[in-house]
Amino acid sequence: MPDGSVGQAVKRREDHRFLTGKGRYVDDIHRTGELAAVFVRSPHAHAKVSAINADAARKSPGVVAVLTGADMAEDNYGSIPCGWTVTDRHGEPHKAPPHFPMVRDKVRYVGDHVAVVLAETAAQAKDGAELVEVDYEELDANVEPAKAMQAPLLHEEAPDNLCYDWVLGDEAEADAAFANAHHVTKLDLVNNRLIPNAMEPRAAIAEWDSGTDSYTLWSTSQNPHVLRLILSAFITGIPETKLRIIAPDVGGGFGSKIYCYAEETVCLWATKRIGRPVRWTADRNEAFLADAHGRDHVTHVEMAMDAEGHFLGLKVDTTANMGAYLSNFASCIPTYLYATLLAGQYRTPVVYCNVRAVFTNTAPVDAYRGAGRPEATYLLERTVEIAAREMGLDPAELRRRNFIQPDQFPYQTPVALTYDIGDYEASLNEATQMIDYAGFGRRKEEAKLRGKLRGIGFSSYIEACGIAPSAVVGSLGAGVGLWESAQVRFNATGTVSVLTGSHAHGQGHETTFSQVVADTLGVPIESIEIVHGDTGQIPMAMGTYGSRSLAVGGSAIMRACGKIIEKGKKIAAHLLEASVEDIEFKDGNFTVTGTDKSLSMGEVAFTAYVPHNYPADLEPGLDETAFYDPLNFTYPAGTHICEVEIDPETGVTEIVDWVAVDDFGKVINPLIVEGQVHGGIAQGVGQAMLEHGIYDTESGQLVTGSYMDYCMPRADDLPSFRVGMTETACTHNPLGVKGCGEAGAIAAPPALINAITDALGVKHMEMPATPEKVWRLAQSAAAAE
Amino acid sequence: MPEVTMTVNGQQVSREVEGRTLLVQFLREHLNLTGTHVGCDTSQCGACVVHVDGKSVKACTMLAVQAEGGDVTTIEGLASGGELHPMQAAFHEHHGLQCGFCTPGMVMSAVDLLQKNANPSEQEIRDWLEGNICRCTGYHNIVNAIQHAASGGGAS
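Residues numbered from 1 in each chain as written. Chains lettered and ligands numbered in written order. Predicted model: local features only at pLDDT ≥ 70, side-chain atom pairs only at ≥ 80, totals over all residues.

### What about the overall build of chain B?
To keep it simple, the criterion reads: Note on conventions: DSSP H or I runs of at least 4 residues are helices, E runs of at least 2 residues are strands, and numbering of each starts at the N terminus. For a compact globule the rule gives 2.2 Å times the number of residues to the power 0.38, and the radius of gyration it is set against comes from C-alpha atoms. Residues with at least 20 other C-beta atoms within 10 Å of their own are called buried, those with 12 or fewer are called exposed, and the rest are partly exposed. The C-beta atoms themselves are positioned from the backbone.
Along the backbone of chain B there are five helices and five strands. Across chain B, helices and strands are ordered from the amino to the carboxyl terminus as β-β-α-β-β-β-α-α-α-α. By the compact-globule yardstick of 15 Å for 156 residues, chain B fits well, its C-alpha radius of gyration being 15 Å. The buried share of chain B, taken over its 156 residues, is 59%.

Below, the structure is given as structure tokens:
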């Protein structure tokens, strides 16, 4: 196998610039004459804005302008749209109230955008922002989803603060299944609000060119083309031909950089209004306040079983917090990326789910790593674990008893999705072997001698990735298609430029995609460059989210490579004086079948650009563009098992072992895939044990608004992880891949809470399992004994 | 405005700065050394770690004027003669970075750890990194890279 082939742990090509300080992130870029923007943000959760007095701010040294929502209305800037319309149980579209980049009437959460100060330096803009006087008439606020429908109204357009009341499945069928149940497991749980916290804060630089009346926007975006589409079609009216968006190196996203945000929209508007480039970089404090948050569900779940533990039906009732406004894709997260996953890995024949999405005086909530699928997996895997305990069954055995079997694929679930392939028992078996499940009882006894409570927790998850077949999502309300594009361009000397719509912000595309192209075209990996993140260079594209880059973006690259090979065969046939049908392409060479007459890809590429001897009916050049629309979602799945030890005297939980066995289909680069698993688990551990975005229920203030208050996972909070793989190749994309970016964050929370509740001998506890909560439970358990 | 003079990556530099200018702002905005990053506003994340007089320092926690006369090394000054520092090489070899944003601070911090403790245990590494937040890697491969750098295997 040549170096860099598919399947090899190739070291990352992008590392050198990051390791030497030569990464180029948005905040590293400067434009001549630029102004710094600082936002005046609401200190109140809910208030009418009656007056804004910026006289003193305008006189402050270096301040060039102070602009407000009223100024933006003058220039006909529109509202930030929601790109997915969910239809409610009555057939009505969801309520999508206006979401202006700067407020026009009232503020609806702490951090909402009231005004922007533009000054020569960021420090001067901050000084100016301190001097802007805003008269607020405070209104009662609510931050709790469970109370939203009785709370003060946020938007006239959304009575009862209800965005939608939506159902999936047939309630009567579910009731019938429950009527036959031997046992019903019931659980109330909260999926805690998370704040994504990519390490690079969001940033934007907008520059208007008066000569051409065109704009360039550098943005920390996961999907610059989607951002351009939203800005162009819905907010600014700037034609796409006059708006170039560049997302250079981006320091992590995890979903939070998918969306079109107020700040970059304001920069884009202000650059023309003022006639100078405008830059903005978030403080971490602003990231906490105004990045889209994740999760925040309140759920009641019931599962019906027969006497042998076979699942008969599942009923789920969820209230999902949308925050104060609908972010771009907020509406589809607790519906089509959540309820559709409630079958999990199991043959549950009937599933009924009711979701009410509500507005509250909190930051908008949207996709965060996993997005709907962690919420589904958490409730399902917690319920299965509790059911096993209640019925006196081994949790591994109960799962096995209900798994969809390998010979049942393709498998139509009762919640719309059709799983193409999987082998769930294989992953579970591998995980139980890796962790020595049989030896757990002995380890628990040994821990007890040391005064520690040891517990074990399973999580058998599934996710829908490779987002998404356009026709399917279109029928469900998506305003866009979710295909991907690629352009594979040979240069005359045989090097290859691959332009991809998939944006990389830590995923290592420059390496993985190069491996795919190197293998497919027989070109050395060093001769390949991967270009991404620039609407000025790359064909229309849909970007990176939902573990789609390789399954969708990589498939588009494969398709473009296929076109290159087809054209290359025509050129080779001409040069070798053979018919096209007789040309084989293998390992970078075009060969006349059954002969030693052969031309290399490099020779063919050269001829394409120096066509002195060339087929008369063929265009010069070797440069092909392809679009790929997936036929189905992909379904990565697996089992994670963790073991914890709790010190009942301190409540401290130590993760003593973690095995992750995932089926991602074909693996192109195991080094990168394992890294994704590690990072995903860390975020899941964060949710389960450390992180919680908390708003004060009285004041509506975000009380976890800094790294002093919001507990990020740190190196000493985490163990090393043991990662295993099983493989069933995806049946419907050319690479056989499924996606690996979100798995860890989906699998981890129930594994941990299952382990902790097992150790404590309690049914349930809410995340995060902080030492205080664990200590209280350990003390009450001890007192009860 | 006060003038500040210091040595940065072996070169003496002098600039006029506002008194409130942080060392990290001085490096990024006055010297265009953008490898040192700002990831928070509470001196928690460690993306801005540089060395001042040989010790790791969060450059957001120090005023530029406090580094007067000092000897500062940033991530840009760590490699020498086109060769990666063994710690940089170890991070590459063991996939100790993903998005790259925390990486400069992480590497500079790790280099200082090995100056203080040439052969740290896994737990000592994890404890030392308490002041550097990474959101991508789960720290697994960062710890792995530092262990290998400590045992001299970084550039293998």
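Next comes the rest of the description.
### Re the overall build of chain A
When its secondary structure is counted, chain A shows 19 helices and 28 strands. For chain A, the C-alpha radius of gyration of 27 Å lies close to 28 Å, the compact-globule estimate for 785 residues. Each principal axis of the C-alpha distribution contributes one length, and for chain A these read about 90 × 75 × 50 Å. When the 785 residues of chain A are sorted by exposure, 59% land in the buried category.

### Here we look at the sheet that holds strand β26 (residues 637-646) of chain A
Residues and elements named next belong to chain A. To keep things clear, this is the line we draw: The pairing criterion is simple: DSSP has to find at least two bridges between the two strands. All axes here are fitted lines through C-alpha atoms, helices being fitted over the stretch that makes contact, and every angle between N-to-C directions spans 0 to 180 degrees.
Taken in spatial order, the four strands line up as β18-β26-β27-β28 in an open sheet, and their pairing is mixed. Across the chains shown, the open sheet's two edge strands, defined by having one partner strand only, are β18 (453-462) and β28 (722-726). On average, adjacent strands in this sheet sit at an angle of 15° to one another, irrespective of strand direction. With five bridges connecting them, strand β27 (residues 653-663) and β28 associate as parallel partners.

### A few points about the sheet that holds strand β4 (residues 55-58) of chain B
Residues and elements named next belong to chain B. Sheet architecture is open: five strands sit in the order β2-β1-β5-β3-β4, paired in mixed fashion. Unpaired on one side and paired on the other, β2 (11-16) and β4 mark the two borders of the sheet. Mean inter-strand twist for the sheet, computed between neighbouring axes without regard to direction, equals 40°. In this structure, strand β1 (residues 3-8) lies alongside β2, joined through six bridges in antiparallel fashion.

### Digging into the packing of helix α3 (residues 103-116) of chain B against helix α5 (residues 140-150) of chain B
Two quantities define a packed helix pair, namely the angle between the axes and the distance from one axis to the other. Residue and element names in this part refer to chain B. Using the following cut-off: For this classification, under 35 degrees means roughly parallel, over 145 means roughly antiparallel, 65 to 115 means roughly perpendicular, and everything else is oblique. Crossings are classed by handedness, with left-handed meaning an anticlockwise turn of the near helix from the far one by less than a right angle and right-handed meaning a clockwise turn. Placing C-beta atoms from the backbone, we regard two residues as in contact once those atoms come within 7 Å.
Remark: α3 packs on α5, axes separated minimally by 11 Å, with the N-to-C direction vectors making an angle of 40°. One element, α3, and the other, α5, form an angle in the oblique class. Crossing hand, α3 versus α5: right-handed. Two secondary-structure elements touch here, α3 through M106, A110, L113 and L114 and α5 through I142, I146, A149 and A150.

### Overview of the packing of helix α17 (residues 670-690) of chain A against helix α18 (residues 743-760) of chain A
Residues and elements named next belong to chain A. Spelled out, the test is: The residue classification treats Ala, Val, Leu, Ile, Met, Phe, Trp, Tyr, Cys and Pro as nonpolar and Asp, Glu, Lys and Arg as charged. All others, Gly included, are polar.
Their axes nearest at 7 Å, the elements α17 and α18 cross at an angle of 40°. By the angle class used here, α17 and α18 are oblique. The crossing of α17 and α18 is right-handed. Contacts between α17 and α18 involve V677, G679, G680, I681, Q683, G684, V685, Q687, A688 and M689 on the former and, on the latter, A743, G744, A745, A747, A748, P749, L752 and I753. Of the residues contributing to the contact of α17 with α18, the split by class is twelve nonpolar, six polar and no charged.

### Considerations on the interface of chain B and chain A
Taken together, the contact between chain B and chain A spans 44 residues of the former and 41 residues of the latter. The set of elements that each furnish at least two residues to the side of chain B that touches chain A consists of α2 (86-93), α3, α4 (122-128) and α5 of chain B. Looking at the side of chain B that touches chain A element by element, the count peaks at four residues for α2(B). Here the side of chain B that touches chain A is built from residues that sort into 19 nonpolar, 16 polar and nine charged.

### Description of unusual backbone geometry
Leave glycine aside and you will find that most residues have negative phi; peptide bonds, for their part, are mostly trans. All names here are of chain A. A cis geometry characterises the amide bond from I467 onward to A468, with omega recorded as 0°. Relative to the helices and strands, A468 resides in the loop between β18 and α13 (470-475). The amide bond that connects M767 to the next residue, P768, takes the cis arrangement and shows omega of -5°. Mapped onto the fold, P768 is located in the loop between α18 and α19 (771-784). In this structure, A371 takes a positive phi of about 50° despite not being glycine. By the secondary structure assignment, A371 is in the loop between β15 (351-359) and α9 (373-391).

### Thoughts on the pairing of strand β12 (residues 278-281) of chain A
Sheet faces and side chains relate simply in a regular strand, where the side chains alternate between the two faces. Residues and elements named next belong to chain A. Residues V278 and W280 of β12 are buried on one face, and the alternating residues R279 and T281, pointing to the opposite face, are buried as well. Where strand β1 (residues 35-41) meets β12, two bridges bridge the pair, whose relative direction is parallel. Considered in β12, the bridge of A36 is made with R279.

### Quick look at helix α16 (residues 601-609) of chain A
Residue and element names in this part refer to chain A. Cut-off, in case you're wondering: An arc is given here, and it is the one of the directions from the helix axis to the C-beta atoms.
Turning to α16, its buried residues are M601, V604, A605, T607 and A608. One side of α16 holds all its buried residues, which, seen down the axis, span an arc of 160°. Against β19 (484-490), α14 (509-521), α15 (549-576), β23 (589-592) and β24 (598-600) lie the buried residues of α16.

### Examining the nonpolar core
Worth spelling out the cut-off: Each nonpolar core reported here comprises buried Ala, Val, Leu, Ile, Met, Phe, Trp, Tyr and Cys residues connected via C-beta atoms within 7 Å.
Of all hydrophobic cores here, the largest spans 310 residues; its most connected members are A:A37, A:V117, A:L342 and A:V517. Apart from residues lying up to four places away in sequence, A:L342 is in contact with A:L314, A:V316, A:V351, A:C353, A:A376, A:L380 and A:V415.

### Quick word on the environment of A:G255
Residues and elements named next belong to chain A. By the secondary structure assignment, G255 is in the loop between β11 (243-246) and α7 (262-274). With 25 C-beta atoms counted inside 10 Å, the residue G255 sits in the buried group. Residues in contact with G255, not counting those within four places in the same chain, are P196, G294, D366, A367, Y368, R369, A371 and Y545.

### Topic: the pairing of strand β2 (residues 47-53) of chain A
All names here are of chain A. In this structure, β2 lies alongside strand β4 (residues 106-107), joined through two bridges in antiparallel fashion. Bridging from a neighbouring strand, A47 pairs with V107 of β4. Both β2 and strand β6 (residues 133-138) contribute to a ladder of six bridges, which runs antiparallel. Within β6, the residue paired with V49 across the bridge is Y136.

### Some points on the environment of B:T137
When you line up the elements, B:T137 lands in the loop between α4 and α5. Taking the C-beta count within 10 Å as the criterion, B:T137 has 27 such neighbours and is therefore assigned buried. Separated by 40 residues in the primary sequence, B:T137 and B:L97 place their C-alpha atoms 6.6 Å from one another. Those residues within four positions of B:T137 in sequence are excluded, and the remaining contacts are A:G675, A:H678, A:G679, B:G96, B:L97, B:Q98 and B:I142.

### Notes on the environment of A:A70
Residue and element names in this part refer to chain A. Structurally, the position occupied by A70 is in helix α3 (residues 69-74). Residue classification places A70 among the partly exposed positions, given that 13 C-beta atoms sit within 10 Å. Between the C-alpha atom of A70 and that of R104, which follows or precedes it by 34 residues, the distance is 6.1 Å.

### Description of the confidence of the model for chain B
Going by this rule: For every residue, the predictor states its confidence as a pLDDT score lying anywhere from 0 to 100.
Mean pLDDT over chain B: 96, with 97% of residues reaching 70 or higher. Scored by ipTM, the complex comes to 0.98, with pTM at 0.97.

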